[in-house]
Amino acid sequence: MSPAPDTLTLIRPDDWHVHLRDGAALATTVAHTAAQFARAIVMPNLKPPVTTAAQAAAYRERILAARPAGVAFEPLMTLYLTDHLPPQEIERAREAGVVAVKLYPAGATTNSDAGVTDLRRTYRTLEAMQRAGLLLLVHGEVTDAEIDIFDREAVFIERVLEPLRRDFPGLRIVLEHITTKEAAQYVADAGPNLAATITAHHLLYNRNALLAGGIRPHHYCLPVLKREVHRQALVAAATSGHPRFFLGTDSAPHAVQLKEHACGCAGCYTAPAALELYAEAFEAAGALDRLEGFASLHGPDFYGLPRNTERVTLKREAWTVPERHRFGDAEVRPLRAGETLRWRLQPAGAA
Ligand SMILES: NC(=O)N[C@@H](CC(=O)O)C(=O)O
Ligand SMILES: [Zn+2]
Ligand SMILES: [Zn+2]
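Note that the structure is predicted; figures quoted are calculated from it, not measured.

(A) Local environment of the coordination of the zinc ion (ligand 3). Each protein donor to the zinc ion (ligand 3) is listed here as His17 (NE2), His19 (NE2) and Asp250 (OD); together their distances run 2.0 to 2.1 Å. Considering all four donor atoms around the zinc ion (ligand 3), angles at the metal cover 93 to 138 degrees and the coordination shape is irregular. Written as a sequence motif, the donor arrangement for the zinc ion (ligand 3) is H-x1-H-x230-D. A separation of 3.8 Å is found between the zinc ion (ligand 3) and the zinc ion (ligand 2). Taking relative accessible area as the criterion, histidine 19 reaches 7% and is therefore assigned buried.

(B) Looking closely at the coordination of the zinc ion (ligand 2). Note on the zinc ion (ligand 2): its protein donors are His139 (ND1) and His177 (NE2). The metal-donor distances range over 2.0 to 2.1 Å. Classification of the site at the zinc ion (ligand 2) as irregular follows from its four donor atoms and the range of 54 to 148 degrees in their angles at the metal. Overall, the relative accessible area of 1% leaves histidine 139 in the buried class. According to the relative accessible area criterion, histidine 177 is buried, its value standing at 2%.

(C) View of the UniProt feature "binding site: Zn(2+) 1" (unreviewed entry) in the chain. UniProt records the feature "binding site: Zn(2+) 1" (unreviewed entry) for His17, His19, Lys102 and Asp250 in the present numbering. Judged by maximum C-alpha separation, these annotated positions cover 234 residues in sequence but sit close together in space, the widest gap being only 13.2 Å. By secondary structure assignment, the location of lysine 102 is in strand S5 (residues 100-103). On the basis of relative accessible area, lysine 102 is assigned to the buried category, the value being 0%.

(D) Region of the structure containing the site of ligand 1. The full set close to ligand 1 counts 15 residues, and Arg21, Asn45, Thr109, Leu222 and Asp250 are the nearest of them. In the environment of ligand 1, an oxygen atom lies 3.1 Å from a nitrogen or oxygen atom belonging to the side chain of histidine 19. Here an oxygen atom of ligand 1 sits 2.8 Å away from a polar atom, N or O, in the side chain of arginine 21. The fraction of the free accessible surface of ligand 1 (320 Å²) that becomes covered by protein chains is 100%. Among the residues making up the shell around ligand 1, the classes are represented as four nonpolar, nine polar and two charged.

(E) Structural context of the sheet that holds strand S6 (residues 135-138). The strand order S2-S3-S4-S5-S6-S7-S8-S9 describes an open sheet built from eight strands, whose pairing is parallel. Looking at strand neighbours, the two that pair on one side only are strand S2 (15-18) and strand S9 (245-247), the edges of this open sheet. Within this sheet the neighbouring strands show an average axis-to-axis angle of 30 degrees, counted without direction. As paired strands, strand S8 (residues 194-198) and S9 are joined by three bridges and run parallel to one another. Residue alanine 196 lies in a different strand from S9, and its bridge partner there is phenylalanine 245.

(F) Molecular detail of the environment of threonine 9. Within the fold, threonine 9 resides in strand S1 (residues 7-11). Distance from threonine 9 to glutamate 292, taken between C-alpha atoms, is 8.5 Å for residues 283 residues apart in sequence. When near neighbours in sequence (up to four residues on either side) are disregarded, threonine 9 contacts Glu292, Arg311, Val312 and Thr313. Side chain to side chain, threonine 9 and threonine 313 meet in a polar contact 3.4 Å long.

(G) Seen up close, the pattern of salt bridges. This structure, assessed with the given rule, holds 20 salt bridges. Across the salt bridge formed by arginine 12 and glutamate 310, the nearest N and O atoms sit 3.5 Å from each other. Taken as a pair, arginine 12 in the loop between S1 and S2 and glutamate 310 in the loop between helix H12 (291-303) and strand S10 (311-320) lie far apart in primary sequence, 298 residues in all. Glutamate 310 sits in the partly exposed class, given a relative accessible area of 37%. Two residues, arginine 39 and aspartate 14, come together in a salt bridge whose shortest N-O distance is 2.8 Å. Taken together, the residues span a long stretch of sequence, with arginine 39 in strand S3 (residues 39-42) and aspartate 14 in the loop between S1 and S2 at a distance of 25 residues. Looking at arginine 39, the relative accessible area reads 6%, which means it is buried. Among the charged side chains, a network of salt bridges with common partners joins Asp6, Glu283, Arg316 and Arg342.

(H) Seen up close, the UniProt feature "active site" (unreviewed entry) in the chain. Taking the UniProt record as the reference, the feature "active site" (unreviewed entry) is found at Asp250. Residue position: aspartate 250 is located in the loop between S9 and helix H10 (256-259). Aspartate 250 gets classed as buried once you look at its relative accessible area, which sits at 6%. Not counting the four nearest positions on each side in its chain, aspartate 250 is found in contact with His17, His19, His177, Thr199, His201, Leu222 and Cys268.

(I) Local environment of the side chain of threonine 125. Among the structural elements, threonine 125 can be located in helix H4 (residues 123-132). For threonine 125, a relative accessible area of 2% gives the class buried. Here threonine 125 is in contact with Leu81, Leu85, Pro86, Pro87 and Ile90, once residues within four sequence places are set aside.

(J) Representation of the pairing of S5. Of the two faces of S5, the one carrying Ala100 and Lys102 and the one carrying Val101 and Leu103 are both buried. Across three bridges, the pairing between strand S4 (residues 74-80) and S5 is parallel. The partner of threonine 78 across the bridge, within S5, is alanine 100. With four bridges connecting them, S5 and S6 associate as parallel partners. Residue pairing across strands places valine 101 opposite leucine 136, the latter belonging to S6. The β-α-β motif built from S5, the intervening H4 and the parallel element S6 has right-handed crossover chirality.

Cut-offs used in this document
- Residues numbered from 1 in each chain as written.
- Chains lettered and ligands numbered in written order.
- Predicted model: local features only at pLDDT ≥ 70, side-chain atom pairs only at ≥ 80, totals over all residues.
- Heavy atoms only, no water.
- Donors = N, O, S within 2.8 Å, 3.2 Å for Na, K, Ca; no water.
- Tetrahedral: all angles 85-135°; square planar, octahedral: opposite > 155°, others 65-115°.
- Buried < 20%, exposed > 50% of the residue type's maximum accessible area, 1.4 Å probe, protein only.
- UniProt positions renumbered as here; feature names shortened; annotations may be inferred.
- Helix = DSSP H or I, 4+ residues; strand = E, 2+ residues; numbered from the N terminus.
- Near = heavy atom within 4 Å.
- Polar contact = N/O pair within 3.5 Å; in protein donor to acceptor, adjacent residues only side chain to side chain.
- Areas by Shrake-Rupley, 256 points an atom, 1.4 Å probe, with all protein chains shown as cover.
- Nonpolar A, V, L, I, M, F, W, Y, C, P; charged D, E, K, R; others polar.
- Pairing = 2+ DSSP bridges.
- Axes fitted to C-alpha atoms, helices over the stretch in contact; angles between N-to-C directions.
- Contact = heavy atoms within 4.5 Å.
- Salt bridge = Lys/Arg side-chain N within 4 Å of Asp/Glu carboxyl O.
- Right-handed = clockwise from strand over helix to strand, strands pointing away.

In C-alpha cells:
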C-alpha cells in the first residue's frame, strides 16, 4: 500500500448548497466560501425569501459586492418555491441567470414558513421549470407532526419524491443534504435526472455527536444527524465515484446565541473549513482519490455547467479552527471550533 499523501491537488471545487445569509453577515460568509470554492449554489431562504428574478439579481449584486478584492467567486442564484410562484417568473428567472428553484415543504426547516403546503399547487410552475431547464432543489423531509423526525426523509422519498419524479420525468432534481441509507440507495438507483448533495458533517458524525455526553447545539442541523449505519451509507455513496453524488456543504450560520438557546436554530457553520472536513472524511474511508470527482466534477456535470480549470491544494498541516467569527453584529461558532484539523487548504496562488 502506498503511504498516505501529504499533498492533495484538485480542480477547484464548487459548493452546490450554501446559506450566505444577507446584510453585514455577507462580509464573513462570502469571504469564507469564496476562499474555498469557485462557485456556490446560494440558498434563497432569506427573511423574506427570494421569490422573484429581480430579488435574486439584487441579492447576487450584494454577494458580489461582499467578495474580497481579487477573489474570483461566482454565486449561482436560486428562487424559493411557494404555493404562488407564477410560472411566468421562471422565464424571467432564467434570463436573470437563476439556475434552480428550491422546494422547502412549509415548516420543514429554518425560514421555510413561506414554503410549499401542497405540491399540486406548484405544478404549472414545475412544468415551466422542466421546459426552461431550471433544476428543482429539494429539502426532502415531510413535516407531518405524527412522523418521527428521524424518519422524515425516508417518508418524503416515498410520499413526495417518487410521485413528483413520475409526474416530471424531464425535471432535473437534487435531493439536498441526504442523511439516510434509504436516500443514498434511492438516488443511486434512480435515472440520470436525480442527484444528491452530501454535507461534510453528515459524513463525519452520527447522532451520538448531538446527544451523547450532553446536548451539543452546534451539531444540530436539519435533516438531523442519524444513526451510524446511515453515516456509513453516506460515506459509501460519496466515495463510490457515482456521478450523481456531489458536494454541498449546507453551511448554515446562525448567531451563537441563537444556537445556544432553549430552542436552538438548526444549521452548522462549516464553510471556513469545508474542504478540510471533506478531506478528513474521504481519508478516513481510504478514498482521497475520489474527492476530486465528488467536489469538483460531478456537480457541474449534473448542472450542465463547465468544470472549473484552476486547481487548489490541500496540505497535511495541523491548524486550529477559530472559536468565533464575526457575523454582522453577532458572532458565529464554526463547526470544530477550537479543535485541530489535519488538512489545510493552501491560500490561492500558494504551491
Ligand atoms: N440545514 C439546516 O439545519 N439549516 C438551514 C436550512 C436547511 O438547509 O434546511 C438554514 O438555513 O439554517
Ligand atoms: Zn434544507
Ligand atoms: Zn441548507
